[in-house]
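Chains, contacts and geometry: an overview
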Amino acid sequence: MTPLEIANRKAWYGSQFAAFERNLNGGRASSVHRTRRASMERFNGIDFPTARSEDWKYTSLDPLLQHNFAGYSAVEGLAPAAVEPYVWEDTPHYRLTFVNGRHTASSSRLPEGGAPIQIRTLGNVLEEDPQGIEDLLRSMPEAHDPFTLLNTAFLLEGAVIDVPDGMAVDKPVHLLFLSAPDERALVTYPRVILRVGREARVSVSEHFASVTPHVHFTNVVTQMAVGADAVVHYHRIQDENPNSFQIGLTQIVQARRSRVHSTVVTLGGRLTRNFIHLVLADEHIESTLNGLYLTRGRQHADHRTLIDHAKPHGTTHELYKGILDGHSTGVFNGKIIVRPDAQKTDAKQSNNNILLSEDATVNTRPQLEIFADDVKCTHGATVGRIDEDALFYLQTRGLNAEAARNLLTYAFAGEILERIQVPALREKLNARLRDRLQH
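The following paragraphs examine the structure supplied in this document.

Rules behind the numbers
Residues numbered from 1 in each chain as written. Predicted model: local features only at pLDDT ≥ 70, side-chain atom pairs only at ≥ 80, totals over all residues. Heavy atoms only, no water. Pairing = 2+ DSSP bridges. Helix = DSSP H or I, 4+ residues; strand = E, 2+ residues; numbered from the N terminus. Contact = heavy atoms within 4.5 Å. Axes fitted to C-alpha atoms, helices over the stretch in contact; angles between N-to-C directions. Nonpolar A, V, L, I, M, F, W, Y, C, P; charged D, E, K, R; others polar. Parallel < 35°, antiparallel > 145°, perpendicular 65-115°, else oblique. Left-handed = near helix turned anticlockwise from the far one by under 90°. Core = buried A, V, L, I, M, F, W, Y, C linked by side-chain atoms within 4.5 Å. Buried < 20%, exposed > 50% of the residue type's maximum accessible area, 1.4 Å probe, protein only. Expected span 1.5 Å × (residues − 1). Phe/Tyr/Trp six-rings, centres within 6.5 Å; stacked < 30°, edge-to-face > 60°. Lys NZ or Arg CZ within 6 Å of the ring centre and 35° of its normal.

1. Comments concerning the sheet that holds strand β14 (residues 286–295)
Taken in spatial order, the ten strands make up an open sheet running β2-β1-β5-β8-β10-β12-β14-β16-β18-β20, and their pairing is mixed. In this open sheet, the two strands that pair with only one neighbour each are β2 (102–103) and β20 (376–384). Each of β12 (259–266), β14, β16 (315–324) and β18 (346–355) touches helix α9 (residues 401–417); the most contacted strand, β16, lies at about 150 degrees to it. Together, β8 (201–210), β10 (231–239), β12 and β14 form the strand contacts of helix α10 (residues 423–438), whose direction differs from that of β10 by roughly 30 degrees.

Next up, the structure:
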């Protein structure tokens, strides 16, 4: 895009923010809104990244910036049949459902009084405890990218989950974000805040899906603070339509002896950019980052991770896998930083990719920045095609070429899906993967 076109796009977001402010009424006097305005001012002072930026070298924002996205209220309610494919009806769980960025109570399943977990909408928390949200916003590292700044500028709705000290939550939490736009290009700015106390345990899944085929843009930020000795299982599923865009940031800060298991699965979207920033802020922390992306057509999936080992005795294992078909493109950029004080660090990173067509491409860049001397760190990446010997072996056992290829591809992806700790989610994703491979 030309500089003039980019300037016009920034002016568009400015006009949308002015309309957003007018609808806040008394909310404009709150301290949170002062933070919103500050974020918008910083957004106005920077440019959208281009290929000249190292972090965006392989991802062009031109398809996204061609649209004038506008936010509007959710539809009054979706028919149960429209929501049914995404819920876990046979599994006890808690659920918050959002349609076009707004909470839909009729499709949610919240804890009853006395439950060991507090699940609230961000809108309610902004009314009840705006100072607490303001303190949390200030705890975030200073944002330098326009999309995180926009998410804060339009901060209004999302989920706030608080798990008290010592509490093991016996039901998984399902955050369901459905987009049902009409012909207008829709943008939503969900913010998810997860605060897990000392020695607590919880499983949280974010699921993004499209109900209609129209263009929309999801700009999501997740903040996670994990207390000492706590355990968190976190899943993010992106299964939006082929005309959609998603840019997401997940920031995780772990305290002493905590454990986080993260799994990201990207199936849909015209352009997806998912960034996980993990900080091991104390000693004896364990983290596992798993990822799977399947692209076809002209999809583009960009996954970036930054693991910051700040203290000694930290252990991280990272495995991302990609399956690319058609003219699709993938990007993996994983960086591990080991600070001078982070002795006895054990970090492993791997990115493996299969190309199913001659026209699919992937750019992979695993990185290590080590400033300590007593560490064990490895990283590696592979890009290849399906093993011809294995394909031939399966065909000698009676499978045709297509069935053999699908079976090998399914086994390659299954290593990631089998690590998902919620059976209902794992089963749905396995079924989705089988359907995707058949088509």
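Moving on, there is more to tell.
2. Examining the packing of helix α2 (residues 31–44) against helix α6 (residues 130–139)
Geometrically, a packed helix pair is captured by the angle between its two axes and the distance between the axes. Where α2 meets α6, the closest approach of the two axes is 8 Å, and the angle between their N-to-C directions is 35 degrees. Judged by residue contacts, Ser 31, Val 32 and Thr 35 of α2 engage Pro 130, Gln 131, Glu 134 and Leu 137 from α6. Within the contact of α2 with α6, the residues separate by chemical class into three nonpolar, three polar and one charged.

3. Digging into the packing of α2 against helix α7 (residues 146–153)
Relative orientation of the contacting elements α2 and α7 amounts to 150 degrees, with a least axis distance of 8 Å. In terms of their interaxial angle, α2 and α7 are classed as roughly antiparallel. Judged by the sense of rotation from one axis to the other, the crossing of α2 with α7 is left-handed. Facing Thr 35, Arg 36, Ser 39, Met 40, Arg 42 and Phe 43 of α2, the residues of α7 in contact are Pro 146, Leu 149, Leu 150, Thr 152 and Ala 153. Looking at side-chain class alone, the contact of α2 with α7 contains six nonpolar, three polar and two charged residues.

4. Observations regarding the nonpolar core
Counting 48 residues, the largest nonpolar core has Ile 117, Ile 161, Val 173, Leu 175, Val 202 and Val 232 as the members making the most contacts within it. For Val 202, the residues in contact, after removing those within four places along its chain, are Ile 117, Val 163, Val 169, Val 173, Val 196, Val 231, Val 232 and His 233. One finds Leu 24, Met 40, Leu 61 and Val 187 within the second-largest nonpolar core, a separate group that totals 26 residues.

5. Considerations on unusual backbone geometry
Positive phi outside glycine occurs at Glu 199, with the angle close to 60 degrees. Locating Glu 199 in the fold gives a position in the loop between β7 (191–196) and β8. The backbone phi angle of His 284 is positive, close to 55 degrees, even though this residue is not glycine. Inspection of the secondary structure puts His 284 in the loop between β13 (271–280) and β14. Given a relative accessible area of 37%, His 284 falls into the partly exposed group.

6. Concerning α10
An α-helical segment advances 3.6 residues per turn. Residues three or four places apart therefore align on the same side. Between its first and last C-alpha atoms α10 spans 23 Å; for 16 residues at 1.5 Å apiece the expected length is 22 Å, and the two agree. Those residues of α10 not exposed but buried are Ala 424, Leu 425, Leu 429, Asn 430, Leu 433, Arg 436 and Leu 437. Contact partners of the buried residues in α10: β8, β10, β12, β14 and α9.

7. Points about the pairing of β10
Of all nine residues making up β10, nine are buried, and the element is well covered by its neighbours. Here β10 shows a buried face lined by Val 231, His 233, His 235, Ile 237 and Asp 239 and a second buried face lined by Val 232, Tyr 234, Arg 236 and Gln 238. Here β8 runs beside β10; their pairing, made up of nine bridges, is parallel. Residue Phe 208 lies in a different strand from β10, and its bridge partner there is Gln 238. Looking at chain direction, β10 and β12 are connected through eight bridges and run parallel. From the neighbouring strand, Ile 237 faces β12, where its bridge partner is Val 265.

8. Focus: the side chain of His 174
Here His 174 shows up in strand β5 (residues 173–179). Taking relative accessible area as the criterion, His 174 reaches 0% and is therefore assigned buried. Residue contacts for His 174: discarding those within four places in its chain leaves Tyr 86, Val 87, Trp 88, His 93, Tyr 94, Arg 95, Leu 96, Ser 205 and His 207.

9. What about the pairing of β8?
A large share of β8 lies buried, amounting to nine of its ten residues. Across seven bridges, the pairing between β5 and β8 is parallel. Its bridge partner being in β8, His 174 is matched across the sheet by Ser 205.

10. Regarding the packing of aromatic side chains
Scanning all chains against the criterion turns up 15 aromatic pairs. An angle of 50 degrees between the planes, with centres 5.4 Å apart, marks the rings of Phe 69 and Phe 217 as tilted. Of this pair, Phe 69 sits in the loop between α3 (62–65) and α4 (80–83) while Phe 217 sits in strand β9 (residues 216–226), placing them 148 residues apart in sequence. Using a relative accessible area of 1% as the deciding quantity, one classes Phe 217 as buried. Joined through ring pairs, the aromatic side chains of Tyr 13, Phe 43, Phe 48, Trp 56, Phe 69, Phe 147, Phe 217 and Phe 245 make up one cluster. Above the face of the Phe 43 ring, Lys 10 is positioned so that its terminal group lies 5.1 Å from the ring centre. The cationic tip of Arg 304 hangs over the ring face of Phe 275; the distance from NZ or CZ to the ring centre is 4.4 Å.

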